[in-house]
Amino acid sequence: MLVIVAVLAGGSILNLTRRYEVGLHEQKTDGLFYTLPTPLAPGAPGTVIRKERVNSAPLDSTAWRVIYHSRDQTGKDIAVSGIVVVPNGSVPAGGRTIISWAHPTTGAATQCAPSLSVDPFFTMEGVHELLAAGYIVAATDYPGLGVVGASSYLLGVPESNSVLDAARA
């Protein structure tokens, strides 16, 4: 039993190390990804503006950093960033269920976006269990985090719009 625990713990440590090292490399190009064209072409909520693969995805999954259209407090079209993670393997009949994961407080500045962290999956509680169960996980950064814009901190309408629109993306 002790050997099994040691093997599982060793595998987890190697996976965390891999994700951290790959994440450090990816962080060097993050600024270019989050810079938006001006003017931003309008789009329906959830329409993807830009995406790029995240190579530090959890084992047996594929992830993308995304920027997508959402709406602010007044209904104005805005860009929001986030991450979408999909389990690898065959898709079940009827497709996969999407879980839109809303993160707790990480700060209110642009650079506090969870998708900007070296390992954005480390603080995404339950992501490994959700992926193992076959769910797609869409995680918004919220308006004003990641992509420059007005902060939505504690504003229910734009935060909830960004959670819904992450699933649409």
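Here's a quick rundown of the structure.

### Structural notes on the layout of surface pockets
Line of reasoning, step 1. Of the pockets and cavities examined, the largest pocket occupies roughly 280 Å³.
Line of reasoning, step 2. If you go around the largest pocket, you meet 21 residues; those closest to its centre are Ile78, Ala79, Val148, Gly149 and Ala150.
Line of reasoning, step 3. Looking at the lining of the largest pocket, the element that brings in the most residues is strand β3 (residues 77-87), giving three residues.
Line of reasoning, step 4. Here the residues of the lining of the largest pocket are counted per class, giving twelve nonpolar, six polar and three charged.
Line of reasoning, step 5. As for the second largest pocket, its lining consists of 14 residues, of which Thr105, Tyr142, Tyr153, Leu154 and Glu159 are closest to the centre.
Line of reasoning, step 6. In the lining of the second largest pocket, the residues fall into seven nonpolar, six polar and one charged.

### A few points about the nonpolar core
Line of reasoning, step 1. In terms of nonpolar packing, the biggest core is built from 13 residues, with Ala63, Val85, Phe121, Met124 and Val137 touching the most fellow members.
Line of reasoning, step 2. Residue assignment for this core shows that the elements contributing at least two residues are β3, α3 (127-132) and β5 (136-140).
Line of reasoning, step 3. Ignoring anything within four residues of it in the chain, the contact list for Met124 reads Trp101, Val137 and Ala139.
Line of reasoning, step 4. Core analysis: the next-biggest nonpolar cluster, separate from the first, contains ten residues, Tyr34, Ile67, Ala79 and Leu116 among them.

### Some remarks on the packing of aromatic side chains
Line of reasoning, step 1. Summed over all chains, the structure comprises one aromatic pair.
Line of reasoning, step 2. Ring centres of Phe33 and Tyr34 lie 5.2 Å apart, and the angle between their planes is 85°; on these two criteria the pair is classed as edge-to-face.
Line of reasoning, step 3. What makes Phe33 buried here is its relative accessible area of 4%.
Line of reasoning, step 4. The lysine or arginine in question, Arg50, covers the ring of Phe33, its NZ or CZ lying 6.0 Å from the ring centre.

Conventions and cut-offs
Residues numbered from 1 in each chain as written. Predicted model: local features only at pLDDT ≥ 70, side-chain atom pairs only at ≥ 80, totals over all residues. Heavy atoms only, no water. 1 Å grid on protein atoms, 1.4 Å probe; cavity = no way out; pocket = protein on both sides within 12 Å on 5 of 7 lines; lining within 4 Å. Points joined across faces, edges and corners; volume = space filled by probe spheres on them. Helix = DSSP H or I, 4+ residues; strand = E, 2+ residues; numbered from the N terminus. Nonpolar A, V, L, I, M, F, W, Y, C, P; charged D, E, K, R; others polar. Core = buried A, V, L, I, M, F, W, Y, C linked by side-chain atoms within 4.5 Å. Buried < 20%, exposed > 50% of the residue type's maximum accessible area, 1.4 Å probe, protein only. Contact = heavy atoms within 4.5 Å. Phe/Tyr/Trp six-rings, centres within 6.5 Å; stacked < 30°, edge-to-face > 60°. Lys NZ or Arg CZ within 6 Å of the ring centre and 35° of its normal.

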